[in-house]
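# Architecture at a glance
Here is what each chain is made of, one letter per residue.
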Amino acid sequence: MPGRWTTAAVCLLALVALACEAGGDAAPRPSGTAQPGSPRVVAALGDSITTGFGSCLVLTSCQRNSWSTGDGLRVDSHYRRLLDRNPGLRGKAHNHARAGARASALAGQAEAAVRDRADYVTVLVGANDACRATIDAMTPVADFRAEINRGLRVLREGRPKARVLVVSIPNLYRLWEVGHDEPRAVRAWRRGVCPALLADATSTAPADRSRRAAFRERIAAYNAQLKAACRAYGSRCRYDGGAAHRVRFDLELVNRLDYFHPNTAGQSRLADVTWRSSGYAD
């Protein structure tokens, strides 16, 4: 948060955010018996994207707007859609994602999902493994895969019948493409937003072009490992087929504070494209 923001101002904005999102749940969903195969407990694992970070007018997590487990009015999350199939799911969505989490945190989050007895689990992680201070500081691809395997193993052993959706990492390089000519975005990124990609965003120096290309390649490599890890998991795991990565994010889909995290429109878009791979959309 910029230093000029006082504690009182932050609190006031937080209250405004809560007021804008008042009501928590959306309009009442249909009541009745659960459709066969509907999940009874949902859990979300991952990082700040899944916490809804920055989607409630302040730079903090706002889980009511999460594409996965959100219960707010403005995002038709997986959880809200699943209420149509099973009204008994109400209140049984657990968001274990944490801002700043890397793949190494996945196993611990998966343990929490096992304790919840979740039978539908979403996984979106990897952006923070790439968004380090330098290219050399990014998580090596082999280490990333090992941590993904470790987290998925916890789910497979603890909840073998649960459905797991592994989501591709969004195309962060595209965000640089559409934002590096926007002065407000560049100013926001100078505060330390994803420096491996967004530092010196307007520079055309060969070293900076090479750094961005290396970042882009690393995200592609991580996504390839997510796909392979899900395939190795077995039939209870679905990969989104790169749907989240193919979203053509523009500045209208990210918040106006850090110009990085999805706003409610961006969260809604993620919910839409990933829902098709959930196994419940048919």
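In short, a report on the structure. The structure displayed is predicted, hence computed values, not measured ones.

## Some points on the nonpolar core
Grouped together as the largest cluster of nonpolar side chains are 73 residues, with contacts concentrated most on I148, L155, V166, W189 and F215. If one sorts the elements of this core by residue count, helix α10 (residues 206–233) sits on top with seven residues. Sequence-distant contacts of L155, defined by excluding residues within four places in its chain, comprise L45, A110, A113, V114, V121, P160, V164 and Y233.

## Considering the side chain of D116
Mapped onto the elements, D116 comes out in helix α4 (residues 106–116). Aside from chain neighbours lying at most four places away, what touches D116 is V41, A43, H94 and H96.

## Digging into the state of the cysteines
Under the counting rule described, the total for this entry stands at three disulfides. Covalently, C56 is tied to C62 through a disulfide, its sulfur atoms 1.8 Å apart. Judged by relative accessible area, C56 falls into the buried class, the value being 4%. Note that C131 is cross-linked by a disulfide to C194, the S-S spacing being 2.0 Å.

## Let's talk about the packing of helix α3 (residues 78–85) against helix α12 (residues 264–275)
At a minimum axis distance of 10 Å, the contact between α3 and α12 shows a crossing angle of 50°. As far as their axial angle goes, α12 and α3 are oblique. Between α3 and α12, the contacting residues are H78, R81 and L82 on the first element and A271, D272, T274 and W275 on the second. Per-class residue counts for the contact of α3 with α12 are three nonpolar, two polar and two charged.

## Digging into the pairing of strand β1 (residues 42–46)
The element β1 is largely enclosed, with a buried count of five among its five residues. Both faces of β1 are covered, namely the face carrying V42, A44 and G46 and the face carrying A43 and L45. As judged from the five bridges shared by β1 and strand β3 (residues 120–124), these two strands associate in the parallel manner. Note that in β3 the partner of G46 across the bridge is L124.

## Observations concerning α12
Its twelve residues give α12 an end-to-end C-alpha distance of 16 Å, which sits within 8% of 16 Å, the value for a rise of 1.5 Å per residue. The buried fraction of α12 is high, at nine of twelve residues. Residues T264, G266, Q267, S268, L270, A271, V273, T274 and W275 constitute the buried set of α12. Those residues of α12 hidden inside the fold are in contact with α2 (48–51), α3, β4 (163–166) and α11 (243–246). Among the residues of α12, the N-terminal cap falls to N263, whose side-chain oxygen and the backbone nitrogen of A265 are separated by 3.0 Å.

## Regarding α10
The end-to-end C-alpha distance of α10 is 41 Å, a good match for the 40 Å that 28 residues give at a rise of 1.5 Å each. Residues D208, R211, R212, F215, I219, Y222, N223, L226, A229, C230 and Y233 constitute the buried set of α10. Looking one or two places after α10, you find G234, whose phi comes out positive at around 120°.

## Focus on the pattern of salt bridges
Tallying each qualifying case throughout the model produces eight salt bridges. The partner of D76 in a salt bridge is R80, and the shortest N-O contact between them spans 3.9 Å.

## A look at unusual backbone geometry
Positive phi outside glycine occurs at R117, with the angle close to 65°. The topology assignment puts R117 in the loop between α4 and β3. On the accessibility criterion, R117 (56% relative accessible area) is exposed. Here the phi dihedral of D200 falls at roughly 50°; this positive angle occurs in a residue that is not glycine. Tracing the sequence through the fold places D200 in the loop between α9 (195–198) and α10.

## Some thoughts on the packing of α4 against helix α6 (residues 141–158)
Contact pair α4 / α6: the axes reach a minimum separation of 8 Å and the direction vectors enclose 15°. By the angle between their axes, α4 is roughly parallel relative to α6. Where α4 crosses over α6, the handedness of that crossing is right-handed. Facing α4, whose interface residues are L106, A107, A110, E111, A113 and V114, α6 presents E147, I148, R150, G151, V154, L155 and G158. The class makeup of the residues in the contact of α4 with α6 is eight nonpolar, two polar and three charged.

The rules behind each value
Residues numbered from 1 in each chain as written. Predicted model: local features only at pLDDT ≥ 70, side-chain atom pairs only at ≥ 80, totals over all residues. Heavy atoms only, no water. Core = buried A, V, L, I, M, F, W, Y, C linked by side-chain atoms within 4.5 Å. Buried < 20%, exposed > 50% of the residue type's maximum accessible area, 1.4 Å probe, protein only. Helix = DSSP H or I, 4+ residues; strand = E, 2+ residues; numbered from the N terminus. Contact = heavy atoms within 4.5 Å. Disulfide = S-S within 2.5 Å. Axes fitted to C-alpha atoms, helices over the stretch in contact; angles between N-to-C directions. Parallel < 35°, antiparallel > 145°, perpendicular 65-115°, else oblique. Nonpolar A, V, L, I, M, F, W, Y, C, P; charged D, E, K, R; others polar. Pairing = 2+ DSSP bridges. Expected span 1.5 Å × (residues − 1). Polar contact = N/O pair within 3.5 Å; in protein donor to acceptor, adjacent residues only side chain to side chain. Salt bridge = Lys/Arg side-chain N within 4 Å of Asp/Glu carboxyl O. Left-handed = near helix turned anticlockwise from the far one by under 90°.

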